[in-house]
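# Residue-level structural notes
Chain residues, written in single-letter form:
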Amino acid sequence: MKKQTIKLAGLLVFFILGTFTSCKKDSVVENLISTDNTLVVLDETDYRPNYHFTPALHWMNDPNGLVYYKGEYHLFYQYNPNGNTWGPMNWGHAVSTDLFNWQDLPIALSPDNLGTIFSGSAVVDASNTSGFKAGGEDPIVAIYTSAGAQQSQCIAYSIDKGRTWTKYANNPVLPNPGVPDFRDPKVSWLPDQNKWLMALAAGNKISFYSSLDLKNWTFESNFGVGIGAHGGVWECPDLFQLPVEGTSLKKWVLLVSINPGGPNGGSATQYFVGDFDGNKFTSDSNTSSWIDSGTDNYAGVTFNNIPSNDGRRIMMGWMSNWNYAGQVPTTSWRSTNTVPRAMTLVQKGSSFVLRFNPVTELNNYINKTVTTLTQKANVLELTNNEIVKTGSYQLSFKADFTQLDTLKLTTGSAGAKMSVIFDKKYRTVTIDRSKSGFVNFNNVFANSSSYQSFPIGTDNKLYIRMLVDKTSIELFWNNGEGVMTTLFFPMYQYNFIRIEGGKLLPQITDFNLSGLNKSLMR
């Protein structure tokens, strides 16, 4: 269906016929009052993101095997090549030199007599501990779960920069010990101990194993029973070390995804900060924190083998939620990854907090920029804005909360809107997508998501950054200490941005709205 412009005079007819099934009556009346006199209808082709990775066709979920080798970032992912819902899992594969312009490669791993191919990781075996090297390239070794009658761990290797893959003849390398959930191996190299370490999800805990050759694995320890959130099964672990900014201290961070049990329902990813002695992980606290307080960031893991002269720890997550992932209103393809995010660790009192910020490579895709807003009464806004109409942009500004209790940021059109509300009194950040467009495909999708206890600095100022890409919002504040990721599916093209501050309009400074070019060239 082509885009078409619908005059507001005809909207009530469409409403009577049921076109507005995802909008309440009061929202329709409110929207009809808008000064905008046209609505541009969107279809599925308008939902394809500009700068986030999506599969060309069919179903995708967890990112797998994130690894860097000789100038290329490798992204593998859970993939069903035969449909747009979860099914027999393969490892899809793409590479990029800048984390945004991804080149599709053939499927790397497909089901075999041991089962389908569940999540896992990939490493560069620079010392050839596995003995797989043959030629000039270091082996890239994938460690993955075979999901057959039981879940077990297997390996495959590539000696041509990840272009073709050979499964190890003696798989599985880590058989199932007799538990139903035994999956998602994240493997990394421990240089101080000269061994490989595997973090493995095992139901309600993470099990650690070690190996000298990636083929033979020894159990080390368990972590997690009675610690952290346990509303659902634990999945997709990742263990790594980070320096604490501004200090000489280093701490270990363990990521653990959980489904269900997230802070806003369904799936989400928690993290623990502590110490690791090469055998056992010890958390500083029995409670966990969340990498993202939105509804749509799950199964995130980090890239292995990023060069030391770069030094970043970069994460990508699956931008969806198991509550509705198979029901979202796309048909030819389903699911998107988050923007790649650089992770840093800071100390806050006696605690340690992760920060997440989009990688700087995103700046290479910036095009037109707007730095001024129009003020009308106590509202700042951009109306009928060409950048907002593209659906792909980043927005940033500083807000002074000295004389402000709430700040409301809205993007939308006469037909729908998304709102973000910062509440200083109650220390909450809320994303409201109840009037965003198509919401009734699932009974919880319209629910708002909230972040509790967000801090404002002693200067009462808050730096806010928001990435929008067709059907997603990634919200960052306090230099990435707070993050919320949320999907939405608009019926009509959004064309305005509005900032409101209740009775007293906040002092808004450093406003910047920039369009973002298409990065994925298919």
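Rules used in this analysis
- Residues numbered from 1 in each chain as written.
- Predicted model: local features only at pLDDT ≥ 70, side-chain atom pairs only at ≥ 80, totals over all residues.
- Heavy atoms only, no water.
- Disulfide = S-S within 2.5 Å.
- Pairing = 2+ DSSP bridges.
- Helix = DSSP H or I, 4+ residues; strand = E, 2+ residues; numbered from the N terminus.
- Axes fitted to C-alpha atoms, helices over the stretch in contact; angles between N-to-C directions.
- 1 Å grid on protein atoms, 1.4 Å probe; cavity = no way out; pocket = protein on both sides within 12 Å on 5 of 7 lines; lining within 4 Å.
- Points joined across faces, edges and corners; volume = space filled by probe spheres on them.
- Nonpolar A, V, L, I, M, F, W, Y, C, P; charged D, E, K, R; others polar.
- Buried < 20%, exposed > 50% of the residue type's maximum accessible area, 1.4 Å probe, protein only.
- Core = buried A, V, L, I, M, F, W, Y, C linked by side-chain atoms within 4.5 Å.
- Contact = heavy atoms within 4.5 Å.
- pLDDT = per-residue confidence, 0-100.
- Phe/Tyr/Trp six-rings, centres within 6.5 Å; stacked < 30°, edge-to-face > 60°.

### Some remarks on the state of the cysteines
- Within this structure, the stated rule accounts for 0 disulfides.
- Not engaged in a disulfide, the cysteine Cys-236 finds its nearest cysteine sulfur in Cys-154; these two sulfurs lie 17 Å apart.

### Concerning the sheet that holds strand β31 (residues 428-432)
- Reading across from one edge, β26-β27-β36-β29-β30-β31-β32 is the order of the 7 strands in this open sheet, with antiparallel pairing throughout. Each of the sheet's edge strands pairs with one partner strand only, and the pair in question is β26 (374-376) and β32 (449-452). Here the average twist between neighbouring strands, direction ignored, is 15°.
- Pairing geometry for strand β29 (residues 406-412) and strand β30 (residues 417-423), over 7 bridges, is antiparallel. Paired with Leu-409 across the bridge in β30 is Val-420.

### A few points about empty space enclosed by the protein
- As enumerated under the stated definition, the model contains 3 cavities of 30 Å³ or more in all.
- Surrounding the largest cavity, Met-319, Ser-320, Val-328, Thr-330, Trp-333, Ser-335, Thr-336, Thr-471, Leu-487 and Phe-489 form its lining.
- Here the residues of the lining of the largest cavity sort into 5 nonpolar, 5 polar and no charged.
- Each pocket or cavity is described by its volume, and for the second largest cavity that value is around 60 Å³.

### Here's the deal with the pairing of β30
- For β30, the tally of buried residues reaches 6 of 7 residues, placing the bulk of the element in the interior.
- Relative to β31, β30 runs antiparallel, the two being bridged by 5 bridges. Paired with Val-420 across the strands is Ile-431, a residue of β31.
- Linkage of β30 to β31, two consecutive antiparallel strands, is achieved through a turn of 4 residues, within which Arg-427 is found at a positive phi near 55°.

### Some words on the pairing of strand β7 (residues 116-124)
- Most of β7 sits inside the fold, with 9 of its 9 residues counted as buried.
- As defined by bridge partners, β7 adjoins strand β8 (residues 140-147) across 7 bridges and the pair is classed as antiparallel. Note that in β8 the partner of Val-123 across the bridge is Val-141.

### Thoughts on the nonpolar core
- Judged by nonpolar contacts, the single largest core of 44 residues is most densely connected at Trp-102, Val-253, Leu-255, Phe-303 and Leu-354.
- Those elements that provide at least two residues to this core are β3 (58-69), β4 (72-80), β15 (233-243), β16 (250-259), β17 (268-276), β21 (313-318), β23 (341-348) and β24 (351-358).
- Setting aside chain neighbours within four positions, we find Leu-354 in contact with Leu-242, Val-253, Leu-255, Tyr-271, Met-343, Thr-344, Leu-345, Gly-480 and Glu-481.
- Among the nonpolar cores identified, the runner-up in size contains 37 residues, and Val-388, Phe-397, Leu-407 and Ile-508 belong to it.

### Quick notes on the side chain of Lys-186
- With respect to the helices, strands and loops of the structure, Lys-186 is situated in strand β11 (residues 183-190).
- Residue Lys-186 is classed as buried on the basis of its relative accessible area, which comes to 7%.
- Not counting the four nearest positions on each side in its chain, Lys-186 is found in contact with Ser-121, Leu-197, Met-198, Ala-199, Pro-237, Asp-238, Thr-302 and Asn-304.

### Let's talk about the confidence of the model for the chain
- With 93% of its residues at a pLDDT of 70 or more, the chain has an overall mean of 92.
- Within the model, the stretch residues 1-36 combines pLDDT values under 50 with 59 contacts to residues more than four positions away or in other chains.

### Remarks on the sheet that holds strand β6 (residues 103-109)
- Strand order in the open sheet formed by 5 strands is β6-β5-β4-β3-β22, with mixed pairing between adjacent strands. Among the strands making up the open sheet, the edge pair consists of β6 and β22 (333-334).
- In this structure, β3 lies alongside β22, joined through 2 bridges in parallel fashion. What sits directly across from His-58, in β22, is Trp-333.

### Details of the packing of aromatic side chains
- For the structure shown, the criterion picks out 34 aromatic pairs.
- Taken together, a centroid distance of 5.3 Å and an interplanar angle of 55° make the contact between Phe-53 and Tyr-77 tilted. With Phe-53 in the loop between β2 (38-40) and β3 and Tyr-77 in strand β4, the pair connects residues that are 24 residues apart, well separated along the chain.
- Take Phe-53: its relative accessible area is 2%, and that puts it in the buried class.
- Taking relative accessible area as the criterion, Tyr-77 reaches 5% and is therefore assigned buried.
- Judged by centre distance (5.9 Å) and plane angle (55°), the rings of Phe-100 and Tyr-365 are tilted. Within this pair, whereas Phe-100 is found in the loop between β5 (90-96) and β6, its partner Tyr-365 is found in the loop between β24 and β25 (366-370), the two being separated by 265 residues in sequence.
- Looking at Phe-100, the relative accessible area reads 1%, which means it is buried.
- You can call Tyr-365 buried: its relative accessible area is 11%.
- In this structure an aromatic cluster arises from ring pairing among Tyr-47, Tyr-324, Phe-441, Phe-445 and Phe-489.

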